[in-house]
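Single-letter residue listing:
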Amino acid sequence: MTDNTNKAPSQTLDVARIRQDFPILGRTMNDKPLVFLDSAASSQKPNQVVEAISNYYQNHHANVHRGMYTLAAEATDLFETTRTKIAKFIGAASTKEIIFTRNATEAINLVAYTWGETNLKPGNEILISEMEHHANIVPWVRLCEKTGAVLKVIPIDSDGRLDLTSLDSLLTTKTKLVALSRMSNVMGTINDVAPIFAKARELGAVTLVDAAQSAPHIPTDVTELNCDFLALSSHKMLGPTGVGILYGREELLNAMPPFLGGGEMIDQVTFEKITYNELPHKFEAGTPDIADVVAFSAAIDYLNDLGMDAIRQHEIEITAYALKKLGEFPWLTIYGPRDTNNRGAALSFTVEGIHPHDVSQFLDSAGVAVRAGHHCAQPLMKALGVDATTRASFYIYNTDAEVDSLCEALLDLRKFFQL
Ligand code: 7TS
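Residues numbered from 1 in each chain as written. Predicted model: local features only at pLDDT ≥ 70, side-chain atom pairs only at ≥ 80, totals over all residues. Heavy atoms only, no water.

(A) Structural detail: the overall build of the protein chain. Scanning the protein chain from terminus to terminus reveals 14 helices and 17 strands. A compact globule built from 419 residues would reach a C-alpha radius of gyration of about 22 Å, and the protein chain, at 22 Å, matches this within 12%. C-alpha extents for the protein chain along the principal axes are approximately 75 × 55 × 40 Å. Here the contacts in the protein chain between residues at least 6 apart in sequence split such that 72% fall between residues at least 24 apart. Charged side chains of the protein chain number 36 positive and 51 negative; the gap between the two group centres comes to 3 Å. (Helix = DSSP H or I, 4+ residues; strand = E, 2+ residues; numbered from the N terminus. Rg over C-alpha atoms; globule rule 2.2 N^0.38 Å. Contact = heavy atoms within 4.5 Å. Lys, Arg positive; Asp, Glu negative; His and termini not counted. Charge placed at Lys NZ, Arg CZ, Asp CG, Glu CD.)

(B) Broad picture of helix α2 (residues 47–59). With 13 residues, α2 ought to run about 18 Å at 1.5 Å a step, and its terminal C-alpha atoms sit 17 Å apart, in line with that. Those residues of α2 not exposed but buried are Gln48, Val49, Ala52 and Tyr56. Angularly, the buried residues of α2 cover 95 degrees about the axis, an arc narrow enough to put them on a single face. (Expected span 1.5 Å × (residues − 1). Buried < 20%, exposed > 50% of the residue type's maximum accessible area, 1.4 Å probe, protein only. Arc of directions from axis to C-beta.)

(C) A look at the site of the ligand. In the region of the ligand, 16 residues are neighbours, and Thr105, Asp210, Ser233, Arg371 and Arg391 sit closest. The contact in question runs from a nitrogen atom of the ligand to an N or O atom on the side chain of His133, over 3.3 Å. The contact in question runs from a nitrogen atom of the ligand to an N or O atom on the side chain of Lys236, over 2.9 Å. Contact with the protein chains hides 89% of the accessible area of the ligand, taken as 490 Å² for the molecule alone. (Near = heavy atom within 4 Å. Polar contact = N/O pair within 3.5 Å; in protein donor to acceptor, adjacent residues only side chain to side chain. Areas by Shrake-Rupley, 256 points an atom, 1.4 Å probe, with all protein chains shown as cover.)

(D) A look at the packing of α2 against helix α10 (residues 290–306). Two numbers describe how α2 lies on α10: the axes approach to 8 Å, and their chain directions differ by 145 degrees. Read as a crossing pair, α2 and α10 show a hand that is right-handed. Counting all contacts with α2, which are made through Gln48, Val49, Ala52, Ile53, Tyr56 and Tyr57, the residues of α10 involved are Ile290, Ala291, Asp292, Val294, Ala295, Ala298, Ala299 and Tyr302. When grouped by side-chain class, the residues that make up the contact of α2 with α10 number 12 nonpolar, one polar and one charged. (Axes fitted to C-alpha atoms, helices over the stretch in contact; angles between N-to-C directions. Left-handed = near helix turned anticlockwise from the far one by under 90°. Nonpolar A, V, L, I, M, F, W, Y, C, P; charged D, E, K, R; others polar.)

(E) Local environment of the packing of aromatic side chains. Enumeration over the complete set of coordinates arrives at nine aromatic pairs. Ring centres of Phe329 and Trp331 lie 4.4 Å apart, and the angle between their planes is 10 degrees; on these two criteria the pair is classed as stacked. What makes Phe329 buried here is its relative accessible area of 11%. Among the residues examined, Trp331 registers a relative accessible area of 10% and is labelled buried. (Phe/Tyr/Trp six-rings, centres within 6.5 Å; stacked < 30°, edge-to-face > 60°.)

(F) Just the side chain of Glu97, in detail. Note on placement: Glu97 falls in the loop between α3 (70–90) and β4 (98–101). Although buried, Glu97 forms no salt bridge, and the nearest oppositely charged side chain, Arg249, lies 6.6 Å from it. Only 2.9 Å separates the side chain of Glu97 from the backbone nitrogen of Glu250, close enough to count as a polar contact. In this view, Glu97 contacts Ala92, Leu246, Tyr247, Gly248, Arg249, Glu250 and Leu253; residues no more than four positions away in its chain are not counted. (Salt bridge = Lys/Arg side-chain N within 4 Å of Asp/Glu carboxyl O.)

(G) Structural detail: the pairing of strand β7 (residues 175–181). When you tally the buried positions in β7, you get six out of seven residues, the bulk of the element. Sheet analysis places strand β5 (residues 125–129) next to β7, joined by three bridges and oriented parallel. In the sheet register, Glu125 faces β7, and the bridge partner there is Thr175. One ladder, built from five bridges, connects β7 with strand β8 (residues 206–210); its direction is parallel. (Pairing = 2+ DSSP bridges.)

(H) Just the sheet that holds strand β10 (residues 244–248), in detail. Pairing in this open sheet of seven strands is mixed, and the strands run β4-β10-β9-β8-β7-β5-β6 from one edge to the other. A single partner strand is all that each edge strand has here, and the edge strands are β4 and β6 (150–154). Between one strand and the next, the sheet's axes are offset by a mean angle of 20 degrees, whatever the strand orientation. Across the sheet, α3 touches β4, β9 (229–233) and β10, and the angle it forms with β4 is around 120 degrees.

(I) Fine view of the pattern of salt bridges. In total, this model carries 16 salt bridges according to the counting rule given. Between Arg83 and Glu284 there is a salt bridge, and its shortest N-O distance comes to 2.8 Å. With a gap of 201 residues between them, Arg83 in helix α3 and Glu284 in the loop between β12 (274–276) and α10 connect regions that are remote in the sequence. As far as burial versus exposure is concerned, Arg83 and Glu284 are alike and both buried.

(J) The arrangement of the packing of helix α11 (residues 308–327) against helix α14 (residues 400–416) in detail. Remark: α11 packs on α14, axes separated minimally by 10 Å, with the N-to-C direction vectors making an angle of 20 degrees. Relative to α14, α11 is oriented roughly parallel. In this structure, α11 meets α14 at a crossing whose hand is right-handed. Where α11 abuts α14, its residues Ile318, Tyr321, Ala322, Lys325 and Leu326 lie against Asp400, Val403, Asp404, Leu406, Cys407 and Leu410. A per-class count over the contact of α11 with α14 returns eight nonpolar, no polar and three charged. (Parallel < 35°, antiparallel > 145°, perpendicular 65-115°, else oblique.)

Written as structure tokens, this is what we have:
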């Protein structure tokens, strides 16, 4: 696929054609056709992305931003093309606002180490929610330990949505940072973060959105979201592992000290004093993951070519089908909102009398790959009153027939356990 952003997006996806781009989906697993329902952990990669990696190494590789020769300029152009594409994909005003990291986790940590350690004082508050992934909890707890700041948490309601009834007491002039996930990796809940962030900014707080789960599935616009920072991971949106993005508003990034020190991020170095490079390079010390950044471009093209609105529509349809089918099982509990307008395609459930790990192991024997465990969201598990769930998550290449395979395997599981 090519960068075809001007083409009107189709309303629905041609899933059969899409699947041809993902040879792995043609595999068998334990003698059954593979049914891959774990894209929330990491999506599969289309041929276009895999080929972009080998094409880069076969034809264009040199280190970026330093060579004076043509090949190095070519590699740098390819690398910077991805920066331009992702800036457009999320509506950033400038490529200076796009920092390459290893993943969303590193992007959030970068903010905690640089902005956080510079700006937080004892008694300041950080506001997160009960449904955050550990990547959007641990850096803030550690920052509170270091600075004397205090962590506040928006609870969830019985529907698995943010309970905003106490927002006025949680979000005050003491709040210096509000960091929220736009989509729960466990329940699929889509959080309407923009009005919360608007209020936060009125009060002088900085806002960060964890878009690791939302960016692959719904359109992203940093202006609409009202965010100062945004974090995402390439590997959840058809791209290679090893690449994440931190978006930051230019003014904030300029005021922040660097994160890691070394080559590329400096201007002048003496033993006494160091001056730093301009944005975005100030935050990109050392040789980056060039090939994977370059191939991330092919993933963005692929998503643009399908159209994010069409992707969202496909996922609403498949999630509605899964909610209906799984909802027919009285022995199965689904967590999170039922209204597909408020949720994405990650669907967690438990099966009465059978541990989620056993559920997932049995499903694997039927070729169905799902994740089981706490999904790096232990505080959420506590709020839901469970140790673990089983999670099925859908993406552009999943079909209703695969939902049927999941349901059949669950019925077989019950028979196997003689329930
Ligand atoms: N934030 C959210 C909401 C996530 O779901 C994840 C990963 C991350 C941050 C961290 O992303 P990373 O690329 O830096 O690891 N979530 C999952 C998951 O649900 N299963 O495996 C990884």
